[in-house]
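# What the coordinates show
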Amino acid sequence: MEIETVGSYSAVMESFLRLCGGYAVIDGGLATELERHGANLNDPLWSAKYLISSPHLIRRVHLDYLEAGANIIISSSYQATLQGFESKGFSREEGENLLRTSVEIAREARDIYYDRAAKGSWNIIGDKDGIIPRQRPVLVAASVGSYGAYLADGSEYSGVYGKNVSLETLKDFHRRRVQVLAESGPDLIAFETIPNKLEAKAYAELLEEEAINIPAWFSFNSKDGTNVVSGDPIADCALIAHSCDQVIGVGINCTPPRYIQGLIQSIGRVTTKPILIYPNSGETYDADRKEWLPSSGVSDVDFVSYVGKWCEAGASLVGGCCRTTPNTIRAISKALSSRTNGGFP
Ligand SMILES: [Zn+2]
């Protein structure tokens, strides 16, 4: 199959990856890490609840991921929607401010991290002009969770929205949210856990219609290694991402590690855009009981033993999703640094 060349936004990702030495580290689960710190996220707003009550804890988790080696931190807006805030009694304006806050918290965390790095001798290198701080490239991604995440009924893991939800419904649902996030100063928009082709199409059309002028990535989730959760083939979904100019990366998140390698191969057959993956820990989420079943997760060591295979299959950005922690990211960062070629550490 002939793959067409990708648009100009791709230069952003190319130069970022070059600075990172070829492979970049994405952060780990945000919501589940807040929970590990004692947060109770049993709420339709999920992690966005903490935007209201404890922004400092969100900043702390971003910082922990930066210190563990992340090159990309993803904001706490996954389940932050204007409609969700409105149903909690917030005005439209207050809701928009909360969306902006999610990006600002991540940017603040990056500033604090850079500031510490500049002060600490561990991250200083000398060159002919004297001592310069050696900064690792860090991007802030504004998270956009799916319509199913807003419904908070588990449909982001079934991808089934019913007949009444059309392309236009999805576009209208996400439109203002995407505009506000794009104007809040992130480096990119991370469309995460996309459960079906319809929502990918809605995002692609929205980026074009609203002339959103920052790059984006599309990340899908799967429970069988061949299709996204709705049953739409991953290749069809990746093709929608491939055809959208603003999209600078395509991949998979919140999916068990054992399915990832095959999914990378399927994506690589339809696009030349960089492939990103940030699997979950491999544990199972019970959407009815709203809890993770005890069990079957993959230990950090096992998770990381996959990293080499994922890179060989074609991934160039690797991180973790739900139930992964700063320790997982530290181990991924270590595994990737043995593959990089002269980027910043
Ligand atoms: Zn997840």
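Model, not experiment: these values are computed from the prediction.

## Some remarks on the environment of K334
Assignment of secondary structure puts K334 in helix α14 (residues 326-337). Residue classification places K334 among the exposed residues on the basis of a relative accessible area of 65%. Separated by 266 residues in sequence, K334 and A68 place their C-alpha atoms 9.5 Å apart.

## Overview of the sheet that holds strand β6 (residues 188-194)
A sheet is described by the order of its strands in space; here eight strands give the open sequence β1-β12-β9-β8-β7-β6-β5-β2, paired in parallel fashion. The two strands at the open ends of the sheet, each matched to only one other strand, are β1 (24-25) and β2 (72-74). Helix α8 (residues 167-182) rests against β5 (139-144) and β6 of the sheet, and its axis sits at about 165° to β5.

## A look at the coordination of the zinc ion
Here the zinc ion is held by the protein donor atoms C254 (SG), C321 (SG) and C322 (SG), which lie 2.2 to 2.4 Å from it. Look at where the donors of the zinc ion fall in the sequence and you get C-x66-C-C.

## Examining the confidence of the model for the protein chain
Model confidence for the protein chain is summarised by a mean pLDDT of 91, while 91% of its residues fall at 70 or above. The model gives residues 127-133 a pLDDT under 50, and that stretch makes ten contacts with residues more than four places away or in other chains.

## A closer look at the packing of aromatic side chains
How two aromatic rings sit relative to each other is given by the distance of their centres and the angle of their planes. Across all of its chains, the model carries 13 aromatic pairs by this definition. Here a set of aromatic residues connected by ring pairs shows up, and it is made of Y147, Y150, Y161 and F173. Positioned above the aromatic ring of Y259, the side-chain terminus of R258 is 4.8 Å from the ring centre.

Analysis parameters
Residues numbered from 1 in each chain as written. Predicted model: local features only at pLDDT ≥ 70, side-chain atom pairs only at ≥ 80, totals over all residues. Heavy atoms only, no water. Helix = DSSP H or I, 4+ residues; strand = E, 2+ residues; numbered from the N terminus. Buried < 20%, exposed > 50% of the residue type's maximum accessible area, 1.4 Å probe, protein only. Pairing = 2+ DSSP bridges. Contact = heavy atoms within 4.5 Å. Axes fitted to C-alpha atoms, helices over the stretch in contact; angles between N-to-C directions. Donors = N, O, S within 2.8 Å, 3.2 Å for Na, K, Ca; no water. pLDDT = per-residue confidence, 0-100. Phe/Tyr/Trp six-rings, centres within 6.5 Å; stacked < 30°, edge-to-face > 60°. Lys NZ or Arg CZ within 6 Å of the ring centre and 35° of its normal.

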